Amino acid sequence: MEQNVEDYKMIFEKEGVYLHTNAKRSNQDTTIPGFIRIVERAGVPALEWSPLEDDGRNAPAVLYSKKDGEGGEEDTNFDPGYEPDWAVISTVKKDREHVPVKESGQWAFSLPLSELYSLRRARFSLGRNFLVLTSRGGHPLPPLHFHRGGTRELLRALQHYIILDQSPVDGRLFLAYPLDSGALSQSFDKLHLLDDGGSDLVSRFIHDPYATTFGGFSKVTNFFRAALRPPDSPAHSRSAQDPSLPSQPDDEPGFELITCGVELGPRPDVTRGRPLDNWEEFLDPEGRVKNPEKVRELVFRGGITPSLRKEVWKFLLGFYPWNSTTKEREDILRVKTDEYFRMKVQWKSVSEEQEMRNSLLRGYRSLIERDVSRTDRHNTFFSGNDNPGLTLLHDVLMTYCMYNFDLGYVQGMSDLLSPILFVTQNEVESFWCLTGFMELVHQNFEESQEAMKQQLLQLSVLLKALDPELCDFLDSQDSGSLCFCFRWLLIWFKREFSFEDILILWEVLWTRLPCDNFHLLIACAILQSQRGELIGSDHDFNTILKHINELTMKLDLLSTLRGAEAIYLQLVRCKDLPLKVQQVLGLYVPSSSDEESPDSQSSETQRLLAQSQAEAAASSSACGSSSP
């Protein structure tokens, strides 16, 4: 049936949307490439999908439920097959292959938006979004998989015609309502989302439907509240255990945070400072560090002069307390030396015959020997055969297994120890500095990998707030999970920067300034520095992974640190920063006594950063005025 061109209007079109006729058993025969469109035919808006060979002007079969008991035409002979939400580590991406176009006219559909009942939105384990639509007849349509991204744009176009209201039962299910203020107010009253009713929210929909509608997709606490009200609003004081509020699936990693178009403001210019080069001026007559906060600030801004690292690192990593005297440190070293060698003797005294019956210790030794033989062998401290540095590396790691029986040894820990051993060149001191480092990152090495999954999610939250376009591109190339950043976060960029740069980067991160998750901002700075190469090239999952891996030893540390600090300052200066971003940065930490109070350490950090930045600017201005 031909459609009069004058009655046809294209509102939205996206290619690369694949219809999976049976997602659980998906293969080339049941994966059909096509277009998703929003069109108006004779003034009636509809959501349509058609295969590639269809130009979209011929109206496909209309699927909807007739009124007054009339028969509707709907195909239900498929299984939507919702995919698992997360498989960040073990999933292996297969090479893409061209999917041949099959005879698929039977699958083309057109659904009037007035007949859309619900939309379920989720994603594959490696970031590809898919939608399942359900008509008012109660039957879902075949899943639509967005291989090239575009779900956000589709939802943005849909909100001109309908309102999508999050279900109180399923956080990824959204119910469709006509763009009518009465129906919308009813839906919010039903969900008990606003104490004062829905009328004010309705006016906000009418005034700015995009920002208000997409608040519902941000998947932050208490639906629209966190997206539309600041954290100090009374709406945030209600307990998460309040039975009148629907439970929100905040912990589900398969759902995407959408940022409601928050304007972050300009990113400031940041200057780095000089390294800490005078340690004695910070010690009182008895050897106590007089101003630890100032020391951390100087280290954060410029690192440490190499000759002072051996001493200062022991404070940064908790081997020595900041308020300890010289005499107390001598006592600490003596006690810690005895403790270390008692643990070392435990594994050294195990005979070969005993070890044959101890599979756990035998496994640790095998892993350690294998990793030690290939850790930083280019460094003169570990190069060559029969190098005493290798023996120290091996012995400290074996002793750590005695110190932490539950964790033992996990691959990657040798990467954390080698720079510490290189700087201290002392077996006992390197061991206790390693234990301090592991206090910060031990969860990275736990078998469940929950901490790594959480950090990748937090990185995704930050990147979506900073660069939605880059996130859309990564989503479209099956890279939305950011799993290619796994190694970065696991061993704190150890293999991405040169050995000398890692010494600086780690001491900066050990200050815990300006926030505990500054390493995530480092990752954001690296990704944004590569956005032109990533978006501007014809990359897919495999080539993105290849490009990221090839950044090893090619990154400039100074510009990365400046970029990460600038990102932090840009975010904290945003008045409407989403709650989840605030939580990642440590700016909003609910407590039993004061759920709205920001973290005091972060506030102090901001003050120090602002002060040091002002000093740097003043210094730069003075230099400029004195130059010819």
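The rules behind each value
Residues numbered from 1 in each chain as written. Predicted model: local features only at pLDDT ≥ 70, side-chain atom pairs only at ≥ 80, totals over all residues. Heavy atoms only, no water. UniProt positions renumbered as here; feature names shortened; annotations may be inferred. Buried < 20%, exposed > 50% of the residue type's maximum accessible area, 1.4 Å probe, protein only. Helix = DSSP H or I, 4+ residues; strand = E, 2+ residues; numbered from the N terminus. Pairing = 2+ DSSP bridges. Salt bridge = Lys/Arg side-chain N within 4 Å of Asp/Glu carboxyl O. Polar contact = N/O pair within 3.5 Å; in protein donor to acceptor, adjacent residues only side chain to side chain.

Per an unreviewed UniProt entry, the protein chain is named TBC1 domain family member 15, and its organism is Acanthochromis polyacanthus. Its UniProt record gives the protein chain a comment under Subcellular location (unreviewed entry), which states: "Cytoplasm". The UniProt entry for the protein chain carries the following comment under Function (unreviewed entry): "Acts as a GTPase activating protein for RAB7A. Does not act on RAB4, RAB5 or RAB6."

**Comments concerning the pairing of strand S3 (residues 44-51)**
Of all eight residues that make up S3, six are buried, and the element is covered over most of its length. Two elements, strand S2 (residues 31-41) and S3, share eight bridges in a ladder whose sense is antiparallel. Note that in S3 the partner of Glu40 across the bridge is Pro45. Turn length for the S2-S3 hairpin, with the two strands adjacent in sequence and antiparallel, is two residues, and the turn residue Ala42 shows positive phi of about 55 degrees. The pairing of S3 with strand S4 (residues 109-112) spans four bridges and is antiparallel. Looking across to S4, one finds that Trp49 is bridged to Phe109.

**Examining the pattern of salt bridges**
Under the defined criterion, the tally for this structure stands at 28 salt bridges. The closest approach of N and O atoms between Arg487 and Glu496, which form a salt bridge, is 2.9 Å. Taking relative accessible area as the criterion, Glu496 reaches 1% and is therefore assigned buried.

**Some details on unusual backbone geometry**
Peptide bonds are mostly trans, and most non-glycine residues show a negative phi. Cis geometry marks the peptide bond from Leu513 to Pro514; its omega dihedral reads -10 degrees. Relative to the helices and strands, Pro514 resides in the loop between helix H17 (499-510) and helix H18 (518-529). One non-glycine residue, Ala42, lies in the positive phi region at around 55 degrees. If you check the backbone angles, Gln425 has positive phi at about 50 degrees while not being a glycine. Mapped onto the elements, Gln425 comes out in the loop between helix H12 (413-424) and helix H13 (427-441).

**A word on the side chain of Asp371**
Along the chain, the position of Asp371 falls in helix H10 (residues 359-372). Side-chain polar atoms of Asp371 contact the side chain of Gln411, separated by 3.5 Å.

**Quick look at the environment of Asp516**
Locating Asp516 in the fold gives a position in the loop between H17 and H18. For Asp516, a relative accessible area of 42% gives the class partly exposed. Put simply, Asp516 and Leu585 are 69 residues apart on the chain and 7.4 Å apart in space, counted from C-alpha to C-alpha.

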